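Examining the three-dimensional arrangement
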Amino acid sequence: DWSSDVCSSDLESTLNGHHGSIIDVASSADGRSFASCGEDNIVIKWDSHLPQAFSTTVYERPFSCVALSADGRTLASGDEDGMVHIWDMPTGVALHTSQGHEGSPKIGAIRLPGGVAGITLSVDGQTLASCGHDQTVRVWHARTGKTIQILRGHEGKVLSVSLSASGPIVAFVVDDKAVRLWNAL
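Here's a quick rundown of the structure. Here the structure is a predicted model, which is why all the values come from computation and not from measurement. (Residues numbered from 1 in each chain as written. Predicted model: local features only at pLDDT ≥ 70, side-chain atom pairs only at ≥ 80, totals over all residues. Heavy atoms only, no water.)

**Here we look at the pairing of strand β3 (residues 43-47)**
- Burial analysis of β3 places 4 of its 5 residues in the buried class, the great majority of the element.
- Relative to β3, strand β2 (residues 33-38) runs antiparallel, the two being bridged by 5 bridges. Its bridge partner being in β3, C37 is matched across the sheet by V43.
- The turn linking β2 back onto β3 is made up of 4 residues, and N41 within it adopts a positive phi angle of 70°. (Buried < 20%, exposed > 50% of the residue type's maximum accessible area, 1.4 Å probe, protein only. Helix = DSSP H or I, 4+ residues; strand = E, 2+ residues; numbered from the N terminus. Pairing = 2+ DSSP bridges.)

**Details of a nonpolar patch on the surface**
- Taken together, the side chains of L159, I169, V173, V179 and L181 make up a nonpolar region of the molecular surface, amounting to roughly 420 Å² of accessible area.
- Elements with a contribution of two residues or more to the nonpolar patch: β16 (169-174) and β17 (178-183). (Patch = residues over 30% accessible without salt bridge, like charges linked within 9 Å, V, L, I, M, F, W, Y side chains within 5 Å. Areas by Shrake-Rupley, 256 points an atom, 1.4 Å probe, with all protein chains shown as cover. Salt bridge = Lys/Arg side-chain N within 4 Å of Asp/Glu carboxyl O.)

**Considerations on the sheet that holds strand β5 (residues 63-68)**
- The strand order across the open sheet formed by 4 strands is β5-β6-β7-β8, and the pairing between neighbours is antiparallel. For this open sheet the edge positions go to β5 and β8 (93-99), each flanked by a neighbour on one side alone. Each strand of the sheet is rotated relative to its neighbour by a mean of 20°, with strand direction disregarded.
- Relative to strand β7 (residues 83-88), strand β6 (residues 74-79) is paired through 5 bridges, and the arrangement is antiparallel. Considered in β7, the bridge of L75 is made with W87. (Axes fitted to C-alpha atoms, helices over the stretch in contact; angles between N-to-C directions.)

**Some points on the side chain of R138**
- Among the structural elements, R138 can be located in strand β13 (residues 137-141).
- As a buried residue without a salt bridge, R138 has its nearest oppositely charged side chain in D134, at a separation of 4.9 Å. (Lys, Arg positive; Asp, Glu negative; His and termini not counted.)

Remember, this is a structural readout, not a statement about activity or role.
Right, here's the structure in full:
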């Protein structure tokens, strides 16, 4: 069991499955399911120490962030092209893929950071929030993939996002040394 002794300083397990650097990892509330994404353009569901790949290298760009619902049934991921992907964890089926944020800009052969910088799911798994280098935060309905609200007007890249467990507050960090709280739901 992965979570048998979370206070222990002993290494519980090492999970191998990616073929490049891992960018982000998320866990379900019960600690039994994990997901990771990386530069190898795949998202892996980790459950009972066995990796199950949700996505293959059909994506041109790496995934940049990943989130799991509290019950571990819904996975959300964002990529460097600005796409938000919503997955059904038990089946591995992609429920929705939507353009969420502006993709990475390119200057000559050099691609600058861009796309989805952070993603999170509400405790009930019904609402998703994503943020990006395009200076926006988007709030989504997780089951339909429809945008509920776009929060604009920030002075810098939005680097991280979180949804309050007890109410309609979206918290996020902007590249201007501030944490912003919005009543957005």
